[in-house]
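Observations on chain architecture
Take a look at the letters that make up each chain.
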Amino acid sequence: MRKALFTPVITLVTLTSLALTAGCGTSAATKAGPVRFADPGPGTASHASAPEKGKRSLVRFPTHPISFAEESRVGGAGENTPIGVTTLRGAKSGFTGKVWVWAPPEYYDKRNANKGFPVMEALPGSYGYPVNYWIGSDLKLEENLAQWSKNGTSLPFILVMPVLNPNDKQYYDGSDIPGQPKIGTWLSKDVPDLVRQNFRTLDTRNAWAIMGSSSGGFAALKNVLQNPGAFKVAIPNGPDIVPDSPLWNGHAREEAANNPEVLARRLMVRGGPEVCLAFQDGSKENTVLPKVRRFIAQYGHGPIKTRLQIVPDGTHSAATYVQGLGEGTMKWVSARMQGPTA
């Protein structure tokens, strides 16, 4: 099972770093106060004005904001912006798990007080439980996204980072496996609903993306192909291509309905809507890379737009994929998505 091979050291380093620091030299996260992303941030306007007369606004303002616990702060280009965490009980899935969220510095700018922002759901590899390693200061995903936005090579994304599985014993393939927690519904419905309830977002699929690595890469690929009306972009990093959880045993029909190859064929037959798949792999991923190339050759046509970022000397690791994001993936993805707008 390829998923089990995802480098576990990253998670260990992340857990250690979170225990020692809140990031960028602040005090421990447990000492920080609550965060409400729907409230005006530093320098923002207190009230958003109505859109211009006759102009339809894509902006969706927060509907049910809550207070998040402050997990850490993002330094460097992140300008000391907070990462918050909450425990979400999904209204549609019934599953309960932790979710971390972050908004880029631009989100707090008073000039953007009337604007909605694009969203990226970021999924970890391996079991992705009990933490999502993308929150770690070792990987610097948020800090890099902030810098790329300042450089003009990425849109300023709201980042949402849920746990991937209910435990560290089984893989659930980011899916609703019969008789198991409905992880597919949680990732594709409940987690986005949490973002919409707490942030200024945009009412278009063109502003929604999912990124994931290894097992999370499979979940990202599968969920975009399965829910093209909700998401336009997937960034599958070193992904599995077909379901392989043993929990599918005895459920062949449901397993096929969650198979990216089957979903891709169906999307091609329907003729859309268009989805963009930005694959990333390290050049040393000798097991994964050939499978990704075959998928692109077979299904990268018609409504399925694909791109492959190969990171030189890269391995099956989160650090490799962050490097790839900055070497072209985020620029390609951002050009195909809706940026902040009023």
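All figures in this text were calculated on a predicted structure; none of them were measured in a lab.

The subject of this paragraph is the pattern of salt bridges. Summed over the entire model, instances satisfying the criterion amount to ten salt bridges. A salt bridge links Asp203 to Arg60; the shortest N-O distance between them is 3.8 Å. Placement of Asp203 in the loop between β8 (201-202) and β9 (208-213) and of Arg60 in strand β2 (residues 59-60) is noted, with a sequence separation of 143 residues between them. One salt bridge connects Arg196 with Asp193, and the closest N-O pair in it is separated by 2.9 Å. With a gap of three residues between them, Arg196 and Asp193 both fall in helix α3 (residues 183-198), about one helical turn apart. Taken individually, Arg196 and Asp193 each receive the classification buried, so the pair is uniform in this respect. Residues joined by salt bridges that share partners form a network here, namely Arg56, Arg60 and Asp203.

Below, the discussion takes up the sheet that holds strand β3 (residues 68-74). As summarised here, the arrangement of the ten strands in space is β1-β3-β4-β5-β7-β6-β9-β10-β11-β12, forming an open sheet in which the pairing is mixed. Either end of the sheet is taken by a strand with one partner, and the two such strands are β1 (34-35) and β12 (304-311). Helix α4 (residues 215-226) rests against β6 (119-123), β9, β10 (233-237), β11 (275-282) and β12 of the sheet, and its axis sits at about 150° to β9. The strands touched by helix α8 (residues 318-334) within the sheet are β6, β9, β10, β11 and β12, with β12 carrying the most contacts at an inclination of about 145°.

Attention shifts here to helix α6 (residues 260-270). The set of residues buried in α6 consists of Pro260, Val262, Leu263, Ala264 and Leu267. At its buried positions, α6 is contacted by α4, α5 (252-256), β11, α7 (288-299) and β12. One side-chain oxygen at the N-terminal end of α6 lies 2.9 Å from the backbone nitrogen of Glu261; it belongs to Asn259. Looking at the residues trailing α6, positive phi occurs at Gly271, about 85°.

Rules behind the numbers
Residues numbered from 1 in each chain as written. Predicted model: local features only at pLDDT ≥ 70, side-chain atom pairs only at ≥ 80, totals over all residues. Heavy atoms only, no water. Salt bridge = Lys/Arg side-chain N within 4 Å of Asp/Glu carboxyl O. Helix = DSSP H or I, 4+ residues; strand = E, 2+ residues; numbered from the N terminus. Buried < 20%, exposed > 50% of the residue type's maximum accessible area, 1.4 Å probe, protein only. Pairing = 2+ DSSP bridges. Contact = heavy atoms within 4.5 Å. Axes fitted to C-alpha atoms, helices over the stretch in contact; angles between N-to-C directions. Polar contact = N/O pair within 3.5 Å; in protein donor to acceptor, adjacent residues only side chain to side chain.

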